[in-house]
Every structure is written in C-alpha cells, then in structure tokens.
Amino acid sequence: MNNKQLKLIAIVLGAAVLLYLPRIFRDDGSSGSIDVEGGFRFMLENAVTRIDIIEPDNAGTIRLEHGSNGWTVDGYRADETKMENLLEVLPNLSSDVLVARNPTNHTRMGVSESGRRISVYTDGPGPLEFYLGNRDIRGAGYFVRIPDMDAVFRLDSPVCGYLNRERDGWRPRTIAAIDTAQTQQIVLQRAGTETVLHRGDSGWTADAAVVDSTALQGILGLLPNLSLTAFTSEEESEAADFSQAQAAIDVFYATEETPALSLLLIEDEEQGDWLVRHTAGSEVYRLATFTVNRLLPDNLTP
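All values derive from a computational prediction rather than experimental measurement. (Residues numbered from 1 in each chain as written. Predicted model: local features only at pLDDT ≥ 70, side-chain atom pairs only at ≥ 80, totals over all residues. Heavy atoms only, no water.)

Our next topic: the overall build of the protein. Counting its secondary structure elements, the protein contains seven helices and 21 strands. For the protein, buried positions account for 40% of its 302 residues. Counting only contacts in the protein whose residues sit at least 6 apart along the sequence, the fraction spanning at least 24 positions is 60%. Accessible surface, the protein as shown: approximately 16,900 Å² in total, 49% of it carbon and sulfur. (Helix = DSSP H or I, 4+ residues; strand = E, 2+ residues; numbered from the N terminus. Buried < 20%, exposed > 50% of the residue type's maximum accessible area, 1.4 Å probe, protein only. Contact = heavy atoms within 4.5 Å. Areas by Shrake-Rupley, 256 points an atom, 1.4 Å probe, with all protein chains shown as cover.)

Structure (structure tokens):
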C-alpha cells in the first residue's frame, strides 16, 4: 500500500470521525444520555399538605389535599393505599441522567410550560414544582424538568406513573369490606319486598325458612370486597333521586345495633346497570346488574 492510498484512508477515517463526534456529544435527547453531577433533585423536608397535578395545556387540575378526614381528590375521598404509595416516594426524587439541554426539545419531551406541571405544597414555603413529561420509549423512566431551567432529565421512579393517573384513578373502588364472620343479620329490600337473613346457632335462615346455599354464598362472597363497576359523573350524581330507591341492603354485626353497611340502589335502565350510594353518604357509584342480582337475589329459599 503506497503513501497516496494511506493518505486517502486517513482522510476517509477523519471525515467519519468528524461526522460521528457530534452524535456523541450532542445533547438534544435524540440519542443516548449523559450522567452529570448536580442533576434533577426534588427533596421535601416538610409534610405534604396538597398536590396539584396541572394537566397538559391547562386542561384541568387534579387536586390531592389533606384535611381533617384524610386525603381527598377534587373533594372526593382518595384511596389511602395509593396516597401512601405516592407519599413514600415523592419527597426524595433525584436523577443524574441528563437527556437534553436545548429548550427546543421541551415541547417534544412534554416538559414545556404547557406540559404536565406538578405543584407540591407543604407546611413550609412553597409550592415546589417540576414538569413531568412523556415516557422515554428508549428506556425506563419519564422526562422531568425544573421550571426556569433548560436541562431535562430522565427520572425512573414509580412516582411518574402515579402522577399520570386521571382523577378517578385516585379514588377507591371498594364500596364495602364487610367481615362476614361477624355478620349476624342482612336485610334485603327489592321491588317492595323485604327479606331478613339471620344467622342463628343452626345456621342462616330467610324469614325463618332455610336459605338457599348458592344464593347465600353469592351474597357473602361479595360483601368482603364489594367493588364498583364505574364512577358516575357529577351530573349523574346530582340527578339521582335516592328517595325513590328501588332496592336496599343493610348488614348488621352481632355486636352492633347500627348497620355496618347500608346501601341504597336505583336501577338505570338506560345504562343497563344500577346506581348505588351509602345511605348516609353522598358519593354515587355504578354496579353491574350481574353484581346486584347476586347481592339481592330473587329466590333466597330452595
């Protein structure tokens, strides 16, 4: 190989290196990530009292707020376990994985000023905020950015999934959790007929008659974890007139005079399911007709 050929190879290799170097050092989030010091840090030293999840394009705000009766989401009762999971990880978020510095990438990554903004209020000064952007399809985690900073980081934490929930995703789906071992009496009302199930020394009876075992097990199988089918809209809740309830169920423990569970139900023929509400409550849920038929069966005696 002569000198001329060697020079040609060197020129080709040099050109290739020059073309590839920008890809190595480019920091626009289109390839790779760079670990840097002083990365994304979101630390909370005081107790969290409120979290506002401001949806992209200011489409709405989901407000999680702590009050005398615990946590609520937009005024509705929030799921305790979901809140515990969130508060376990939220106060200590960090990432050193830098994926972009150029503000032109913010919109594509979902961390522009119109992106999902998380505002956290504590007992101290606040709020403390960050943008929670799109999921990084090339790896685990989501893009995050502190307001007024250009740098975008990739955060791999369960908090990202939590804070992407819709409002109803924060609400509990369990209507009742009855301990059937303590249950002594169940009063069922449907279509103007009342049936009293009572557990005595010899077992369960229905208005002093023997209870159909299949029907009984259907009821007792639902009570420990009676879950809703869907939430209702505010308009549906306001329109529901439970003074005209078509069915009801009251469950009594052996040691208590007041019911451990008391529900009112209205059939929604248009939707093909039932509206249900705790007798002393205000939140309205939906139950499938199949579930209601198990909970309030037509035939309770063999």
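Looking now at unusual backbone geometry. With a phi close to 60 degrees, Asp57 is a non-glycine residue in the positive phi region. Along the chain, Asp57 falls in the loop between β2 (48–54) and β3 (61–67). Judged by relative accessible area, which is 60%, Asp57 ranks as exposed. Phi at Asn58 is positive, roughly 55 degrees, even though this residue is not glycine. You can see Asn58 is positioned in the loop between β2 and β3.

Inspection of every chain in the model, using the stated rule, returns three aromatic pairs. On the basis of an interplanar angle of 70 degrees and a centroid distance of 4.8 Å, the ring pair of Phe42 and Phe130 is categorised as edge-to-face. Here the residue Phe42 occupies a position in strand β1 (residues 34–43), and Phe130 occupies one in strand β8 (residues 128–135), the gap between them amounting to 88 residues. One exposure class covers both Phe42 and Phe130, and it is buried. In textbook terms, an aromatic cluster arises when at least three aromatic residues are bridged by ring pairs, as seen for Phe40, Phe42 and Phe130. In this arrangement the basic side chain of Arg50 is found over the ring face of Tyr121, its NZ or CZ atom lying 3.9 Å from the centre. Between Arg171 and the ring centre of Tyr76, over which it is positioned, the NZ or CZ distance is 3.9 Å. (Phe/Tyr/Trp six-rings, centres within 6.5 Å; stacked < 30°, edge-to-face > 60°. Lys NZ or Arg CZ within 6 Å of the ring centre and 35° of its normal.)

Right, let's get into the pattern of salt bridges. Under the definition given, this model contains 13 salt bridges. Between Arg41 and Asp96 there is a salt bridge whose closest N-O contact spans 2.7 Å. Taken together, the residues span a long stretch of sequence, with Arg41 in strand β1 and Asp96 in strand β6 (residues 92–100) at a distance of 55 residues. Judged by relative accessible area, Asp96 falls into the partly exposed class, the value being 32%. For Asp52, the salt bridge identified is with Arg63, shortest N-O distance 2.9 Å. (Salt bridge = Lys/Arg side-chain N within 4 Å of Asp/Glu carboxyl O.)

With 33 residues, the main nonpolar core has Ile186, Leu197, Leu223 and Leu265 as its most contacted residues. No other element matches helix α5 (residues 213–222), which puts five residues into this core. When neighbours within four sequence positions are excluded, Leu265 is seen to be in contact with Phe242, Ala245, Gln246, Ala247, Ala248, Trp274, Leu275, Val276, Leu287, Val292 and Leu296. Ranked by size, the runner-up nonpolar core spans 31 residues in total, among them Val48, Leu90, Val144 and Trp170. (Core = buried A, V, L, I, M, F, W, Y, C linked by side-chain atoms within 4.5 Å.)

Counting through the fold element by element, Ala177 comes out in the loop between β11 (174–176) and β12 (183–190). Separated by 84 residues in sequence, Ala177 and Leu261 have C-alpha atoms that sit 8.9 Å apart. In this structure Ala177 touches Leu223, Pro224 and Tyr253, once residues within four positions along its chain are discounted.

Take the pairing of strand β19 (residues 261–268) next. For β19, a buried count of seven out of eight residues is recorded, marking the element as mostly surrounded by other parts of the structure. With five bridges joining them, strand β18 (residues 247–253) and β19 adopt antiparallel strand pairing. From the neighbouring strand, Asp250 faces β19, where its bridge partner is Ser262. Sheet topology note: the β19/strand β20 (residues 273–278) ladder contains six bridges and is antiparallel. Along β20, the bridge assignment pairs Leu264 with Arg277. With antiparallel pairing between neighbouring strands as the criterion, β19 and β20 make up a hairpin whose turn holds four residues, including Gly272 at a positive phi of roughly 80 degrees. (Pairing = 2+ DSSP bridges.)

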